[in-house]
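Observations on the three-dimensional arrangement
Here are the chains, one letter per residue:
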Amino acid sequence: MMKKKSLCASRASLVLFLCQMISSLDVPLDLSQPPTITQQSPKDYIVDPRENIVIQCEAKGKPPPSFSWTRNGTHFDIDKDAQVTMKPNSGTLVINIMNGGKAEAYEGVYQCTARNERGAAISNNIVIRPSRSPLWTKEKLEPNHVREGDSLVLHCRPPVGLPPPIIFWMDNAFQRLPQSERVSQGLNGDLYFSNVQPEDTREDYICYARFNHTQTIQQKQPISVKVFSMDSLNDTIAANLSDTDIYGAKPVTERQPVLLTPTGSTSTKVELRGNVLLLECIAAGLPTPVIRWIKEGGELPANRTFFENFKKTLKITDVSEADSGNYKCIARNTLGSAHHVISVTVKAAPYWITAPRNLVLSPGEHGNLICRANGNPKPDISWLANGVPIAIAPEDPSRKVDGDTIIFSHVQERSSAVYQCNASNEYGYLLANAFVNVLAEPPRILTPANKLYQVIADSPALLDCAYFGSPKPEIEWFKGVKGSILRGNEYVFHDNGTLEIPVAQKDSTGTYTCVARNELGKTQNEVQLEVKDPTMIIKQPEYKVIQRYGQVSFECIIKHDSTLSPTVIWLKDNDELPDDERFLVGKDNLTIMNVTDKDDGTYTCIVNTTLDSVSASAVLTVVARPNPPFDLELTGQLERSIELSWIPGDENNSPITSFVIEYEDGLHEPGVWHYQTEVPGTQTTVQLKLSPYVNYSFRVIAVNEIGRSQPSEPSEQYLTKSASPDENPSNVQGIGSEPDNLVITWESLKGFQSNGPGLQYKVSWRQKDVDDEWTSVIVANVSKYIVSGTPTFVPYEIKVQALNDLGYAPEPSVVIGHSGEDLPMVAPGNVQVFVINSTLAKVHWDPVPLKTVRGHLQGYKVYYWKVQSLSRRSRRHVEKKILTFRGNKTVGMLPGLEPYSSYKLNVRVVNGKGEGPASPDKLFRTPEGVPGSPSFLKITNPTLDSLTLEWGSPTHPNGVLTSYILKFQPINNTHELGPLVEIRIPANESSLILKNLNYSTRYKFYFNAQTSVGSGNQITEEAVTIMDEVQPLYPRIRNVTTAAAETYANISWEYEGPDHANFYVEYGVAGSKEDWKKEIVNGSRSFFVLKGLTPGTTYKVRVGAEGLSGFRSSEDVFETGPAMASRQVDIATQGWFIGLMCAVALLILILLIVCFIRRNKGGKYPVKEKEDAHADPEIQPMKEDDGTFGEYSDAEDHKPLKKGSRTPSDRTVKKEDSDDSLVDYGEGVNGQFNEDGSFIGQYSGKKEKEPAEGNESSEAPSPVNAMNSFV
């Protein structure tokens, strides 16, 4: 069974739509039908007497109806009145007033009748009344003389108009008179004063009546009010009134409330259902009474109760019978109360319960017309047929009247008629027309064919099938042309033919067929339904807090059906955006530039399509620093305290978190503001402590999360009385500047701390632990006093006391100081050195006696320097290094020593004055260590089966070399390694010819040196034997070497091949499976600095040339140094460096002068020659003989190399050499590795050259070191 659903039971969201469809289900106008009134004037029709009167009456019917009118119950013959015409094809009357007619002549009750052959319909009784706005009657108004505090009522009494006028009070300047709880206008227009005040005196209280219908305003004559105070009354009438007169001496007295309106204790009020109920209570009294309303035995209705006129008027909207009852108003002040009870009765004019509806029947059918109404009192129901009381209307055997129902049975075509139902009581009437139309018609569908309906998914779809037929057709719905009939709970079938799909889905799209059938025939119609995707805001605007003058954006990103075209509208506070170029509306955002306080509010993004609308809102809060506080006030002034209060400024949407109070001392530091205190943001009063002899001004600064406000205006000044100082100077110290003096210093008191004029200081001292009297002097307002002739470094007791013209400060505390220091007298003794390993030694000494220190012991300094290397003799600079050990330490570690070397050291004690004498030099030696890598490995003279190897001894042999170890292995075309061959070579050899090698084969060589301690780091190289006299393969990169520091490493190589090759360096962590990292080398350099390395990590590295497929060097391995402090010398402060720089600057200046002279003489500067001599100036070494700088380094430095030579592959102090952190060795060294890998120490003393030792080279610096050392 199909589910039927009546219109009255349909969901609320569909009621309006369905009701609109009901009203359209009329009889088609091509079929006979009785008249129906479609438009008429209101029952009570007030017209403007200056304009034409138009009384509307429109009707429809088939055939078109004719119209007639009655006036005051009798026929109104419009043809006999030239001023009255009827519009063509209409019943509307036009009464011409503007051409001589008078509106008053046409007052009366009018009724329109529309008639055709099937019946007659009638209109309501239309009462025509012209509006009236009469003038005020002239009257003589006496002035009102009122005593202060008395009540007063100024009566308006406007003329009776139609409709009643709107009353308001104004003055001569047409300004509305201010109203309040004390002064207010009543519902009757009178002006009530609960008590008068002197300011109420004026002569222009004017009541105005505005008649809206005629757009006129009438004015009453001005009313004068004179309020007399008791003082003025006594002065004015004292001569004429006796002492017993009421005005004699009575002051203004307070009075308990008395009701001015309504009068009495009870009253009644009748109101009609649906109207607005207004109840009023106005009371006199002093102080002014406050009004409160209650309903006896019940509650005031929620959502319909409003209080107006300062709660003197109770307003209840849309009253019903349930609102009847007793309402009490209570007027109360401090002296008592008064009350009044208003009994409210709600009556009701008739209102419909069931209004009669048109009835279309086929011959022989049955039907009912029902007319049900209610009211208070209950209305009478009467019926008319074609405008005639049914009792005297022509009889119809098919009709039977049963009270409020007419029953029709076996109707025939002659039963067609228009019936009127009249429901009336003493408060009004209702009149409804309903016709009975007897027709025999086959079904017809009124909805257009193939009408397209579009809805949003998951919303209801309503498919219209407006139909007509008599008898009433049955309606069926099908989906598709040949689909089955629609049934089930997913569909709702309405009585008017509408098919409702409560929740339409995408698969609901399609063609729907509506079939209407009755006994006379059948018809059908198709409609189309499309279900669209809903519009969604997938990125909604979000709450924003922005500072003033900033920029803010709200996003509104949408998703919608591709067939719909959305429009996006932005609103601010539910209104249009301001017309301001600062508001930029983009495709999916709103941007506000230069935000101001006015931009604060709620911003809404509304997305509209033809089918749906969605919106999202976000609040913008504009914040700023608070406005400065104001109205600063000083109260409670005392000698040492005062109370400051203020009013906070606007917090600008960011709560005030605190207030900062500052003060100015106008006596000592005018114009300088100091911090006084800070209080929470909820506090607006603070008790401030004051100091004597200060001329205070205060200001307040408000603080919120955004920042600090501007300071407030300063408060008034307050000068405190003078007093003796409360405190003494702080930070008193006694430190000698010379061995025979004591300098006593202190922090002087600030101006406000002096507490009075004449600030001075009493300085006292005496030698500690000696029975001496205090020595005192009084000094002016200074902060230092020097005591001369003191013993060296002796403790003194010191105190400094403040005083002024009024007295001394409290007794000061005693501090201990010392007279001046002198250099220590003796050197540390019993210095011993214990060599721990090849790079680390431990030194120990005995402490010096404290008396010989002659000052504050700061520590000991150990000076040490390398005398010579035991493995070679070379000429080198002696660089003394220093380690400082704080405090009374007697042991220290010497790190970073060179293996197999002779060292000397001495120890000195240090105090605040300087260093004492040095201890005798102590000689010690370091044992052998593993050697560095050979300085180079060169492979030359490739033949079919042999290669020649040449190498250089290690730059740092670190002992006596015992042998070299050479390992090599072939490499095939797939870079796989063959068997490894090892050869031991005597230490005195420097070359080797390898024979019996395979022809045209690449070999990889590994080469390192050995001492008795072990093997050093190896270097690698690759070479290829030739094939059939072919020259060696080019290009090639050889002798890749590294010098590593903690976080970077210097990479250098040799290149043989075409010019202008572009190199790159690849590196990675040794043993890691990660891809090689690649760095491009700038230009054609043969060196590169790898940065950002991890300390204490082993890396692999290789060098390649761009554009040469598969060509790169062999791999090298290096390890970065551990993370530890290092030693550094500040070269920029060395005297030799400064002198050298000056000499270079002078040489450059001379060179420029010579060039300038030669250029002016036409000579040529030999640039080409220089370029030939230095093909790549960026990598040329810097030599002393050509005016550039070489560099010296200590044992940890890398020796500079010539091109073709090699540096050791490991330049770091390895962790296994010593487990001691460099920080533990001393506190005087603060060095580091430079990026070129050199280790720079913190040295003292001058560089001294030693005789040449061994075979140590004095080569020029390498390009890497030379370039990176020029700082």
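Refer to the structure printed above.
Each chain has its residues counted from 1, following the order in which its sequence is written. Reporting in this predicted model follows two pLDDT cut-offs: at least 70 for local features of residues, and 80 or more for side-chain atom pairs to be given and counted; totals over whole chains, interfaces and linings ignore these cut-offs and use all residues. Calculation of side-chain values draws on the structure's entire complement of heavy atoms; hydrogens and water are dropped beforehand.

**A word on a nonpolar patch on the surface**
Selection rule: In this scheme, patches are assembled from residues that exceed 30% relative accessible area and form no salt bridge. Like charges are connected within 9 Å, while nonpolar side chains (Val, Leu, Ile, Met, Phe, Trp, Tyr) are connected within 5 Å. In this description, accessible areas are obtained by the Shrake-Rupley approach with a 1.4 Å probe, and a residue is regarded as covered only by the protein chains that are shown. Any Lys or Arg side-chain nitrogen found within 4 Å of a carboxyl oxygen on Asp or Glu counts as a salt bridge. Secondary structure elements follow DSSP: runs of H or I no shorter than four residues count as helices, runs of E no shorter than two count as strands, and numbering proceeds from the N terminus.
Together, Leu1146, Leu1147, Leu1149, Ile1150, Ile1153, Val1154, Phe1156 and Ile1157 make up an exposed nonpolar region whose accessible area comes to about 750 Å². Within the fold, leucine 1149 resides in helix α4 (residues 1135-1160).

**Description of the environment of serine 337**
Quick reminder of the rule: When a residue's accessible area, from a 1.4 Å probe over protein chains only, is under 20% of the maximum for its type it is buried; when over 50% it is exposed; and in between it is partly exposed. Contacts are residue-level and defined by heavy atoms, with any inter-residue pair within 4.5 Å sufficient.
Mapping serine 337 onto the fold places it in strand β29 (residues 336-354). When its relative accessible area of 38% is taken as the criterion, serine 337 is described as partly exposed. Spatially, the C-alpha atoms of serine 337 and valine 258 are 7.9 Å apart, while their sequence positions differ by 79 residues. If near-sequence neighbours (up to four positions away) are discounted, serine 337 is found in contact with Pro257, Ile330, Ala331 and Arg332.

**Things to note about the state of the cysteines**
Operational definition: For the purposes of this analysis, a disulfide is any pair of cysteine sulfur atoms at a distance within 2.5 Å.
One pass over the full model with this rule turns up 6 disulfides. Each sulfur of the disulfide joining cysteine 371 and cysteine 421 lies 1.6 Å from the other. With the S-S bond torsion at -65 degrees, the cross-link from cysteine 371 to cysteine 421 turns out left-handed. Of the two residues, cysteine 371 is situated in the loop between β31 (367-370) and β32 (372-376) and cysteine 421 in strand β37 (residues 417-425); the sequence distance between them amounts to 50 residues. Taking relative accessible area as the criterion, cysteine 421 reaches 0% and is therefore assigned buried. The side chain of cysteine 465 participates in a disulfide bridge whose partner is cysteine 514; the two sulfur atoms lie 1.8 Å from each other. Across the S-S bond of cysteine 465 and cysteine 514 the torsion is about -65 degrees, and the bridge reads as left-handed. Of this pair, cysteine 465 sits in the loop between β41 (461-463) and β42 (467-470) while cysteine 514 sits in strand β46 (residues 510-518), and the two are 49 residues apart along the sequence. Cysteine 514 shares its class with cysteine 465; the two are buried. Each disulfide in the chain links cysteines that, numbered along the sequence, combine into the pattern 1-2, 3-4, 5-6, 7-8, 9-10, 11-12.

**Section: the packing of aromatic side chains**
The criterion, for reference: By convention, a stacked pair of Phe, Tyr or Trp rings (six-membered ring in the case of Trp) has centres within 6.5 Å and planes under 30 degrees apart, an edge-to-face pair has planes over 60 apart, and any other such pair is tilted. Throughout this description, the term charge over a ring refers to an Arg CZ or Lys NZ atom that lies within 6 Å of the ring centre and within 35 degrees of the ring normal.
Taken as a whole, this structure holds 24 aromatic pairs when the rule is applied. When the ring of tyrosine 903 is compared with that of phenylalanine 924, the centres are 5.6 Å apart and the planes differ by 15 degrees; the resulting orientation is stacked. Highlighted residues: tyrosine 903 in strand β79 (residues 901-911) and phenylalanine 924 in strand β80 (residues 922-925), separated in sequence by 21 residues. By relative accessible area, which is 3% here, tyrosine 903 ends up buried. When its relative accessible area of 5% is taken as the criterion, phenylalanine 924 is described as buried. Three or more aromatic residues joined by ring pairs make a cluster, and in this case those are Phe168, Phe174 and Tyr208. Between lysine 226 and the ring centre of phenylalanine 228, over which it is positioned, the NZ or CZ distance is 5.6 Å. Here arginine 273 stacks its cationic end above the ring of tyrosine 351, 3.9 Å away from the centre of that ring.

**A look at the side chain of glutamate 821**
So the rule is basically this: In summary, the charge assignment counts Lys and Arg as positive and Asp and Glu as negative, without counting His or the chain termini. As used in this structure description, the phrase polar contact means that two N or O atoms lie within 3.5 Å; if the pair is within protein, one of them must be able to donate a hydrogen and the other to accept it, and residues adjacent in sequence are counted only when both atoms belong to side chains.
Locating glutamate 821 in the fold gives a position in the loop between β72 (815-818) and β73 (829-837). This buried residue, glutamate 821, is left without a salt bridge; lysine 913 holds the nearest opposite charge, at 8.5 Å. Of note is the side chain of glutamate 821, whose polar atom sits 2.8 Å from the backbone nitrogen of histidine 856.

**Regarding the sheet that holds strand β26 (residues 305-308)**
Sheet strands line up and pair through hydrogen bonds in the backbone, either parallel or antiparallel. Quick note on the threshold: At least two DSSP bridges between two strands are required for those strands to pair. Here an angle of 0 to 180 degrees is reported between the N-to-C directions of two axes, which are lines fitted to C-alpha atoms, with helices fitted over the stretch in contact.
Spatially, 3 strands are ordered β23-β27-β26 in an open sheet, and the strand pairing comes out antiparallel. Whereas interior strands pair on both sides, the edge strands pair on one side only; in this sheet they are β23 (277-280) and β26. Direction aside, the axes of adjacent strands within the sheet are offset by 20 degrees on average. Taken together, the 4 bridges between β26 and strand β27 (residues 313-316) define a ladder with antiparallel strand orientation. Bridge assignment links phenylalanine 307 to a residue of β27, and that residue is leucine 314.

**A short note on the side chain of serine 697**
Mapped onto the elements, serine 697 comes out in strand β63 (residues 695-703). Taking the relative accessible area as the measure of exposure, serine 697 reaches 3% and is therefore buried.

**Here we look at the sheet that holds strand β61 (residues 669-680)**
Judged by pairing direction, the sheet is antiparallel, and its 4 strands sit side by side in the order β61-β60-β63-β64 without closing on themselves. The open sheet has two free edges, formed respectively by β61 and β64 (718-719), since each of these has just one partner strand. Pairing analysis gives 8 bridges linking strand β60 (residues 658-665) to β63, with the strands arranged antiparallel. In the sheet register, isoleucine 661 faces β63, and the bridge partner there is valine 700.

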